[in-house]
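Understanding the architecture of this molecule
Spelled out, the chains give:
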Amino acid sequence: MARDPTVCVIGEDVGHYGGSYKVTKGLAEKFGDLRVLDTPICENSFTGMGIGAAMTGLRTVVEGMNMGFLLLAYNQISNNAGMLHYTSGGQFKIPIVIRGPGGVGKQLGAEHSQRLESYFQSVPGLQMVACSTPYNAKGLMKAAIRSDNPVILYEHVLLYNLKERIPDEEYVLCLEEAELVRPGKDVTILTYSRMRHFVLQAAKTLVERGYDPEIIDIRSLKPFDLFTIGNSIKKTHKVLIVEECMRTGGIGASLRAAIVDNFWDFLDGRPECLSSQDVPTPYAATLEDATVVQPAQIVVKVEQMCQGLV
Amino acid sequence: MAASSLASRAVASLSPSISTGASRDDAGSSSVVGFHKRSSAFTGRRVRISSGHGSSAAHGRRSCVVAATAAPVKESPPKIADIELVTREEGLELYEDMILGRCFEDMCAQMYYRSKMFGFVHLYNGQEAVSTGFVKALKKDDYICSTYRDHVHALSKGVPARQVMSELFGKATGCCRGQGGSMHMFSKEHRLLGGFAFIGEGIPVATGAAFNTKYSREVLKDLSVDAVTLAFFGDGTCNNGQFFECLNMAALWKLPIVYVVENNLWAIGMDHFRATSVPEIWKKGEAFGMPGVHVDGMDVLKVREVAKEAIARARRGDGPTLVECETYRYRGHSLADPDELRKPEQKNKYAVRDPIAAFKKYLLENGLASEADLKAIEKKIDEIVEDAVEFADASPLPPRSQLLENVFADPRGFGIGPDGKYRCEDPAFTAGTAEV
């Protein structure tokens, strides 16, 4: 925002309140109420307004207070953010970033626990990235803002408290690249967002037991970085996807298909996938825990794969 | 003034039809504070409009709109209200634009039935006064945003007939390279922001363009930016959430926008009165703190008067206006609509109010043009439209290689392939021959 005066933020409580998860804290004081615009509660319309502003020259960052609320903005995200550059024959670009917290939290209830990446992934014309650490959150945010494409940036409700040393100097990450988190040779584990941390937790146990997993945070949910993913599969011949989307129609489903299409010859067995249950996330803690993948399940699955039991 | 006298002035009619042109006695004398000070172009009663928050200090209250008409519909053609005469030059420009709209749409119907254009095509016949009246009051830098009934808005804004016709024929020379079609007319050069298939979805986009003007002036400190945005949409849209949500935001932030309702009384087969609890759409402006104005949308000069005021209001920073244009479409909702529900009596009522016939009469009666002048214009337009068809016919269809070109502004969005190169660098990919 300091670098480019056309960058502005639009969303509920982004200004005076500093954002529901304090992502925009202090920005309204610094840049003013028009650049950090507190909107009334009308997601479809203010997202559309952000699109119209982007079409005519601004670089808008629209926040969904919770990504789930953007279901109300599906009309604008699909028809206008995704498609308008195409239907206008390339005349208008929509350099918009749509971002916000999503995923399964701590007993937030079904509607506040959704995985919108699953629903939006089919919309043509959109790019989607998921951040998982302070380092990649900053780098991906900058890249998304500077991109001329409409980018959806998925943050996670439970990751805002992470702390990490990050460089003082400016850095911008590549929107289309995956991140090699841990090199290894036994199995390729593809993951993103909060599940990265569960995978790392499981990896501690796996390493103690003598396994050597290669862990890749795919970061780019659409498009997939087939180079990084492919190179890993060519090395390990086994792939496990660990995601928070539901079994049906999630990022994992698409990624499995892409792996089968592109790397069939390099696989020793089918691409495995651990996903959330096809269930509205329950409120009760025990049920909620059972809805999402847990580190213990990741350990079991990797062991089975490495022992040729699946 | 107390609220009660406001109520007594506001005669809101619940009857289905709203008046025709004002008689010479009625119009002319009203003073309209905060909106314009000379004779009102509005039909019927005296009208007071204040701009809401800012400039109603003179009246000591924050009131909004009252535009009221209650006269019954007359069968005879309307008399054009006592507005200042247009100049000959302006008159001919308006006439030519309306003729272009009518002639173009008639040609579309022919071309559709000859299988030159396909899909859903929604024609504008009968509504020309709204497009001409509003769009010709704009500056080149102003924006407009339309719906699926967008051909004539595009033409009025200056998109060449050739480009619109080519787009309709699905040719590569269309304004959107053949990728949009009838319902998605766009022009960056002429500031046409679409062309939308879902009703209501263009209104936020228009609101965003208006927000950009405010942002440019107040954040970027560029006072040379004073673009006003017009959002066109229909009566059916006024029951949609995006309509209300945007009226709220535009009034809240005083955005330089005019919301133009083309109330042609029908949303496909849904009669406005069967769909709408309070059918007077202009009244809904007041609920959001903006003037709501009703105008006879079959009368290009009345529309133009209202348009000029609303656009000026927006441009000087006083905020949005809601304008309800009472109009009618002479054809069905689309070329696929059998149009069985509208009764002949209603159609005839509006047929005699043809905006082009009325304006022609006005020009002739006031000595602004001769029959020969108007015939010359009609001939010129015929030639333009014929030329557009010939051009579109002769234009090439888009090649297969065009398929993926405009999916992304930055084609790196297609991602990195297994070989480590960006997909967009692979000619086989962009030609649509590689495995995607």
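Predicted, not measured: the structure shown is a model, and the values here were computed from it.

1. Here we look at the sheet that holds strand β4 (residues 97-102) of chain A
All names here are of chain A.
- Read from one edge of the open sheet, seven strands run β2-β1-β3-β4-β6-β5-β10, paired in mixed fashion. Both outer strands of the open sheet, β2 (36-38) and β10 (220-222), are each paired with one neighbouring strand and no more. Within this sheet the neighbouring strands show an average axis-to-axis angle of 20 degrees, counted without direction.
- Looking at chain direction, strand β1 (residues 7-11) and β2 are connected through three bridges and run parallel.

2. Re the pattern of salt bridges
- Using the criterion set out here, one finds 43 salt bridges over all chains in the structure.
- Arg 99 of chain A is the salt-bridge partner of Glu 63 of chain A, the closest N and O atoms lying 2.7 Å from each other. Residue Glu 63 of chain A is found in strand β3 (residues 59-63), and its partner Arg 99 of chain A is found in strand β4; the two are separated by 36 residues along the sequence. As far as burial versus exposure is concerned, Glu 63 of chain A and Arg 99 of chain A are alike and both buried.
- Among the charged side chains, a salt-bridge network with shared partners connects Asp 296, Asp 299, Lys 302, Glu 326 and Arg 353 of chain B.

3. A word on unusual backbone geometry
- Of the consecutive residues Lys 222 of chain A and Pro 223 of chain A, the connecting peptide bond is found in the cis state with omega at 5 degrees.
- Structurally, the position occupied by Pro 223 of chain A is in the loop between β10 and α8 (226-236).
- A cis amide bond, omega 10 degrees, links Gly 194 of chain B with the succeeding residue Gly 195 of chain B.
- The residue Gly 195 of chain B is located in the loop between α5 (161-169) and α6 (202-218) in this model.
- With a phi close to 60 degrees, Lys 22 of chain A is a non-glycine residue in the positive phi region.

4. A few points about the interface of chain A and chain B
- Of the residues lining the interface, 53 residues belong to chain A; the matching set on chain B comes to 51 residues.
- Approximately 4,200 Å² of surface area, both sides summed, lies buried where chain A meets chain B, with 64% of it carried by carbon and sulfur atoms.
- For the chain A face of the interface with chain B, the top three residues by lost area are Leu 34, Tyr 86 and Gln 91 of chain A, together amounting to 17%.
- Taken together, chain A and chain B are joined by 22 residue pairs in polar contact (both at pLDDT 80 or more).
- Of all the secondary structure elements, the ones that give two or more residues to the side of chain A that touches chain B are β1, β2, α2 (43-55), α3 (74-82), α4 (84-87), α8 and α9 (251-263) of chain A.
- For the side of chain A that touches chain B, the leading source of residues is α2 of chain A, giving eight residues.
- Along the lines of polarity and charge, the residues of the side of chain A that touches chain B split into 23 nonpolar, 22 polar and eight charged.

5. Description of the side chain of Arg 35 of chain A
- Among the secondary structure elements, Arg 35 of chain A is positioned in the loop between α1 (27-31) and β2.
- Although Arg 35 of chain A is buried, it forms no salt bridge, and the closest oppositely charged side chain is Asp 4 of chain A at an N-O distance of 6.1 Å.
- Not counting residues up to four positions away in its chain, the partners in contact with Arg 35 of chain A are Met 1, Asp 4, Pro 5, Thr 6, Val 7, Cys 8 and Val 9 of chain A together with Tyr 215 and Val 219 of chain B.

6. Observations concerning the packing of aromatic side chains
- What the rule picks out here adds up to 16 aromatic pairs over all chains.
- Between Tyr 21 of chain A and Tyr 160 of chain A the ring centres are 5.0 Å apart and the planes differ by 25 degrees, which places this aromatic pair in the stacked class. A residue pair is termed long-range when its members are at least 10 positions apart, and Tyr 21 of chain A in the loop between β1 and α1 and Tyr 160 of chain A in the loop between β6 (151-156) and β7 (179-182) qualify at 139 residues.
- By relative accessible area, Tyr 21 of chain A is classed as partly exposed at 31%.
- Using a relative accessible area of 26% as the deciding quantity, one classes Tyr 160 of chain A as partly exposed.
- Here the aromatic cluster, defined as three or more aromatic residues joined through ring pairs, consists of Phe 233, Phe 243, Phe 244, Tyr 259 and Phe 288 of chain B.
- Over the ring of Tyr 17 of chain A we find Lys 22 of chain A; its NZ or CZ atom is 3.9 Å from the centre of that ring.

7. Re the UniProt feature "domain: Transketolase-like pyrimidine-binding" (unreviewed entry) in chain A
- Per the UniProt record, "domain: Transketolase-like pyrimidine-binding" (unreviewed entry) is annotated on residues 1-162 of chain A.
- The straight-line gap between the two end C-alpha atoms of residues 1-162 of chain A is 23 Å; of that span, 30% is helix and 18% is strand.

8. Section: the side chain of Arg 353 of chain B
Residues and elements named next belong to chain B.
- Summarising the element assignment, Arg 353 is placed in the loop between α11 (344-351) and α12 (355-365).
- Residue classification places Arg 353 among the buried positions, given a relative accessible area of 0%.
- A distance of 2.9 Å separates polar atoms of two side chains, one belonging to Arg 353 and the other to Asp 296.
- Within the structure, Arg 353 has its side chain in polar contact with the side chain of Glu 326 (distance 3.4 Å).

9. Some words on the domain arrangement of chain A
Residues and elements named next belong to chain A.
- Taken domain by domain, chain A holds domain 1 (7-156) and domain 2 (179-307).
- Centre-to-centre, using C-alpha coordinates, domain 1 lies 27 Å away from domain 2.
- Counting residues at the interface gives 29 residues for domain 1 and 28 residues for domain 2.
- Between domain 1 and domain 2, roughly 2,300 Å² of surface is buried when both sides are summed, and carbon and sulfur atoms account for 49% of that area.
- When the buried surface of domain 1 facing domain 2 is broken down by residue, Gln 107, Arg 115 and Gln 121 rank first, second and third, together holding 28% of it.
- At the junction of domain 1 with domain 2, the criterion picks out zero salt bridges.
- Between domain 1 and domain 2 we count 21 residue pairs in polar contact (both at pLDDT 80 or more) in total.

10. Some words on α5 of chain B
All names here are of chain B.
- Among the nine residues in α5, seven count as buried, and that is most of the element.
- On its buried side, α5 packs onto α2 (88-113), α4 (151-157) and α13 (371-394).
- Count one or two residues on from α5 and you reach Gly 170, which has phi positive near 70 degrees.

11. Observations concerning the nonpolar core
- Membership of the largest hydrophobic core comes to 149 residues, with the highest contact counts inside it found for Ile 218 of chain A together with Phe 134, Met 165, Phe 211 and Tyr 259 of chain B.
- The greatest single-element share of this core, amounting to 13 residues, is contributed by α2 of chain B.
- Dropping the residues within four chain positions of it, Ile 218 of chain A is found in contact with Glu 177, Ala 178, Leu 190, Thr 191, Tyr 192, Phe 224, Ile 229, Ile 251 and Leu 255 of chain A.

12. Quick notes on the UniProt feature "domain: Dehydrogenase E1 component" (unreviewed entry) in chain B
- Following the UniProt record, the feature "domain: Dehydrogenase E1 component" (unreviewed entry) maps to residues 98-398 of chain B here.
- Along residues 98-398 of chain B one finds 45% helix and 10% strand; the C-alpha atoms at either end are 31 Å apart.

13. Regarding the sheet that holds strand β6 (residues 292-296) of chain B
All names here are of chain B.
- Strand order in the open sheet made by the five strands is β1-β2-β3-β7-β6, with parallel pairing throughout. Looking at which strands have only one partner, the edges of the open sheet turn out to be β1 (143-145) and β6. Strand-to-strand, the axes of this sheet are offset by a mean angle of 20 degrees, without reference to chain direction.
- As paired strands, strand β2 (residues 229-234) and strand β3 (residues 257-263) are joined by six bridges and run parallel to one another. Bridged to Thr 229 within β3 is Ile 257.

14. Describing the packing of α5 of chain B against α13 of chain B
Residue and element names in this part refer to chain B.
- At a minimum axis separation of 8 Å, α5 and α13 run at an interaxial angle of 45 degrees. Judged on the interaxial angle alone, α13 and α5 are oblique. Where α5 crosses over α13, the handedness of that crossing is right-handed. For the pair formed by α5 and α13, the contact residues are Ala 161, Arg 162, Met 165, Ser 166 and Phe 169 on the first element and Ile 384, Asp 387, Ala 388, Val 389, Phe 391, Ala 392 and Asp 393 on the second.
- The residue inventory of the contact of α5 with α13, partitioned by class, reads eight nonpolar, one polar and three charged.

Rules and cut-offs
Residues numbered from 1 in each chain as written. Chains lettered and ligands numbered in written order. Predicted model: local features only at pLDDT ≥ 70, side-chain atom pairs only at ≥ 80, totals over all residues. Heavy atoms only, no water. Pairing = 2+ DSSP bridges. Helix = DSSP H or I, 4+ residues; strand = E, 2+ residues; numbered from the N terminus. Axes fitted to C-alpha atoms, helices over the stretch in contact; angles between N-to-C directions. Salt bridge = Lys/Arg side-chain N within 4 Å of Asp/Glu carboxyl O. Buried < 20%, exposed > 50% of the residue type's maximum accessible area, 1.4 Å probe, protein only. Contact = heavy atoms within 4.5 Å. Buried area = accessible area lost by both parts, 1.4 Å probe. Polar contact = N/O pair within 3.5 Å; in protein donor to acceptor, adjacent residues only side chain to side chain. Nonpolar A, V, L, I, M, F, W, Y, C, P; charged D, E, K, R; others polar. Lys, Arg positive; Asp, Glu negative; His and termini not counted. Phe/Tyr/Trp six-rings, centres within 6.5 Å; stacked < 30°, edge-to-face > 60°. Lys NZ or Arg CZ within 6 Å of the ring centre and 35° of its normal. UniProt positions renumbered as here; feature names shortened; annotations may be inferred. Domains from an automatic or database assignment. Core = buried A, V, L, I, M, F, W, Y, C linked by side-chain atoms within 4.5 Å. Parallel < 35°, antiparallel > 145°, perpendicular 65-115°, else oblique. Left-handed = near helix turned anticlockwise from the far one by under 90°.

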